Amino acid sequence: MTTVGELRRKTLEALMKPSYSISRKDMVLLNDNANLFGVNPAVLEVAESFDFARLWAYPSENSDALRDRIASEYGVASDEVIVGNGSDEILDITSKCFINLAKVCEKQLERDFSLNVESLLEERAKITAICQPNNPTAVLFESKSVKRVLREAYGLVLVDEAYAEYSGSNLLQEVMDSEHALDIRTFSKAHGMAGLRVGFAIARKDVIDELRSVRTPFGLNSFAEAAAIRALDNRSWISETVARTKEERSYLARRLTALGFKVYPSDCNFLLCKAPVDGPALVSALRGEGVAIRDCNSYPLLENHVRITIGPRSMLEVLLDKIEHLFSVGSR
Ligand SMILES: Cc1ncc(COP(=O)(O)O)c(C=O)c1O
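Computed from a predicted structure; not experimentally measured.

Trainee: Help me out: how do you make sense of the sheet that holds strand S8 (residues 270-274) in this one?
Mentor: Whether parallel or antiparallel, the strands of a sheet pair through hydrogen bonds between backbone atoms. Strand order in the open sheet formed by four strands is S7-S8-S11-S10, with antiparallel pairing between adjacent strands. One side of each edge strand has no neighbouring strand; the edge strands of this open sheet are strand S7 (262-263) and strand S10 (294-295). In terms of strand pairing, S7 meets S8 through two bridges, oriented antiparallel. Counterpart to lysine 262 in the pairing with S8 is lysine 274. Each of S7, S8 and strand S11 (305-309) is contacted by helix H11 (residues 235-258), which is oriented at about 10 degrees to S8, the strand it contacts most.

Trainee: Got a minute to help me understand helix H10 (residues 222-233) in this structure?
Mentor: Think of an α-helix as 3.6 residues a turn; residues three or four steps apart then line up on the same face. Taking 1.5 Å per residue, 12 residues should reach 16 Å; H10 reaches 18 Å between its end C-alpha atoms and fits that length. Burial in H10 covers these residues: Ala224, Glu225, Ala226, Ala227, Ala228 and Ala231. Buried-residue contacts for H10 involve helix H2 (41-49), helix H3 (64-74) and strand S6 (198-202).

Trainee: Can you help me understand the domain arrangement of the protein chain in this one?
Mentor: Often the size quoted for an interface is simply the accessible area lost on bringing the parts together. The domain boundaries assigned to the protein chain delineate domain 1 (22-38 + 237-330) and domain 2 (41-233). Computed over C-alpha atoms, the centres of domain 1 and domain 2 are 26 Å apart. Taken together, the contact pairs 24 residues of domain 1 with 21 residues of domain 2. For the side of domain 1 that touches domain 2, the secondary structure elements donating two or more residues are H11 and S8. Here the side of domain 1 that touches domain 2 gets five residues from one element, more than from any other, and that element is H11.

Trainee: Whenever I open this one, unusual backbone geometry confuses me. Can you help?
Mentor: Proline 133 follows glutamine 132 through a cis peptide bond whose omega is -5 degrees. When you line up the elements, proline 133 lands in the loop between strand S3 (127-131) and helix H6 (143-152). Residue proline 136 is bonded to the preceding asparagine 135 through a cis peptide linkage, with omega at 15 degrees. On the secondary structure map, proline 136 appears in the loop between S3 and H6. In the Ramachandran plot, asparagine 33 falls in the positive-phi region, its phi being about 60 degrees despite a non-glycine side chain.

Trainee: I would appreciate a short explanation of the nonpolar core in the present structure.
Mentor: Across soluble globular proteins, you tend to see nonpolar side chains buried next to one another. In terms of nonpolar packing, the biggest core is built from 43 residues, with Val159, Leu182 and Ala227 touching the most fellow members. Sort the elements by how many residues they give to this core and H10 lands first, with five residues. Once you skip the residues sitting within four places of it in the chain, leucine 182 turns out to touch Thr94, Leu156, Leu158, Val159, Val175, Ala201, Ala203 and Val207. The next biggest cluster of nonpolar side chains, apart from the first, holds 30 residues, and it includes Tyr166, Leu286, Ile293 and Ile308.

Trainee: Hey, could you run me through the pairing of S3 in this one?
Mentor: Side chains on a regular strand alternate between the two faces of the sheet. Of the two faces of S3, the one holding Thr128 and Ile130 is buried and the one holding Ile127, Ala129 and Cys131 is not buried anywhere. Alignment of S3 against strand S4 (residues 156-160), held across five bridges, turns out to be parallel. Bridging from a neighbouring strand, alanine 129 pairs with leucine 158 of S4. This β-α-β element, S3 to H6 to S4, shows right-handed connectivity.

Trainee: Please explain the site of the ligand as it appears in this structure.
Mentor: Near the ligand the following residues occur: Asn33, Gly86, Ser87, Asp88, Cys131, Asn135, Asp160, Ala162, Thr186, Ser188, Ala194 and Gly199. Along the lines of polarity and charge, the residues of the shell around the ligand split into three nonpolar, seven polar and two charged.

Trainee: Before we go on, may I ask you to explain the environment of leucine 232 in this structure?
Mentor: Inspection of the secondary structure puts leucine 232 in helix H10. A count of 18 C-beta atoms within 10 Å places leucine 232 in the partly exposed class. Remark: the alpha-carbon pair of leucine 232 and isoleucine 70, spanning 162 residues in sequence, is separated by 7.9 Å. Once you skip the residues sitting within four places of it in the chain, leucine 232 turns out to touch Arg69 and Glu73.

Trainee: Help me out: how do you make sense of the packing of H2 against H10 in this one?
Mentor: Pairs of packed helices are described in terms of their axes, by the angle between the two and the distance that separates them. Close contact between H2 and H10 brings their axes to 8 Å; oriented N to C, the two are set at 130 degrees. Compared by their axis directions, H2 and H10 come out oblique. With respect to the hand of their crossing, H2 and H10 are arranged in right-handed fashion. Every residue of H10 that contacts H2 at Ala42, Val43, Glu45 and Val46 is listed here: Ala226, Ala227, Arg230, Ala231 and Asp233. Split into classes, the residues belonging to the contact of H2 with H10 amount to six nonpolar, no polar and three charged.

Trainee: I tried to follow helix H12 (residues 279-288) on my own but got confused; where do I start?
Mentor: When we look at burial in H12, the residues that qualify are Gly279, Leu282, Val283 and Leu286. Axial view of H12: buried residues confined to an arc of 100 degrees, hence all on one face. With respect to the buried face of H12, the exposed residues turned more than 90 degrees away are Ser284 and Gly288. Of the surrounding elements, those touching the buried residues of H12 are strand S9 (291-292), S10, S11 and helix H13 (313-330).

The rules we used
- Residues numbered from 1 in each chain as written.
- Predicted model: local features only at pLDDT ≥ 70, side-chain atom pairs only at ≥ 80, totals over all residues.
- Pairing = 2+ DSSP bridges.
- Helix = DSSP H or I, 4+ residues; strand = E, 2+ residues; numbered from the N terminus.
- Contact = placed C-beta atoms within 7 Å.
- Axes fitted to C-alpha atoms, helices over the stretch in contact; angles between N-to-C directions.
- Expected span 1.5 Å × (residues − 1).
- Buried ≥ 20, exposed ≤ 12 C-beta atoms within 10 Å, placed from the backbone.
- Domains from an automatic or database assignment.
- Core = buried A, V, L, I, M, F, W, Y, C linked by C-beta atoms within 7 Å.
- Right-handed = clockwise from strand over helix to strand, strands pointing away.
- Near = placed C-beta within 6 Å.
- Nonpolar A, V, L, I, M, F, W, Y, C, P; charged D, E, K, R; others polar.
- Parallel < 35°, antiparallel > 145°, perpendicular 65-115°, else oblique.
- Left-handed = near helix turned anticlockwise from the far one by under 90°.
- Arc of directions from axis to C-beta.

Given below as structure tokens:
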């Protein structure tokens, strides 16, 4: 009897990803870089007045109202914006649209986590994807490297700026100056709306038109669209949550350094650190204690490294207490 695995398209194998599923109930989730300071209050305000009785109706096919609001926020035209069910959907439709799924090439960073621009350009890939700042290394690449890729790459350059609110960086102008590039953003991080799944991309109209041709209609639900529109008006909350994140990030970096971790600089809402003990064993022991952090041990250059999302002090203290306890037990 043929198994479903045997029926699966072989070309998909390059895109198959590890499962991130963990039991979420009662866990302190410092593993997925959501905004642990909470949801943007604009979402709760929208919930109070939203006409839930109209949910029998489909939303607008391409989320026009949200695209208009994003366009005015970023100073572009509405037809230069596409929205998706999380920025993951934008990544998904971009690959559907432009690549044959046969070959995904992960380029290794230099030892100092910088981009090897020559080797990226040499690949002549149909899509070159760069996270700025990068996940999981947490820092910005030199902007001149990214700009060179934007100018010289053979194919589409996808710049994922999911953490832009934390880093203060912005490559939108360079993306719009380039003939085939895409600037991807999300409401899942600084906006505190990961559960609503809203992401978007800005690019020249001809790039957006290509993506729209393969996107499923009605991709974003009506409530998520209304909430995202209102969230964009609540800039002061974003500044506040980013400031709190930075404050707690410095605190956690100090405490982890004192515990023997090598803590790297960060432009994001997470820290990358090298554990002074076996990384996977630490991640698994913490999980047993109800605290989830991301194990980066299997990534190139990141043996025994872990990634920790920044949250309010109370959550960080739970993590630090558990680590101190595990280290004290381990040293007995
Ligand atoms: C660089 C980067 N891009 C995109 C995403 C996914 O964002 P979304 O929730 O909008 O799908 C993440 C999530 O961790 C991320 O780190």
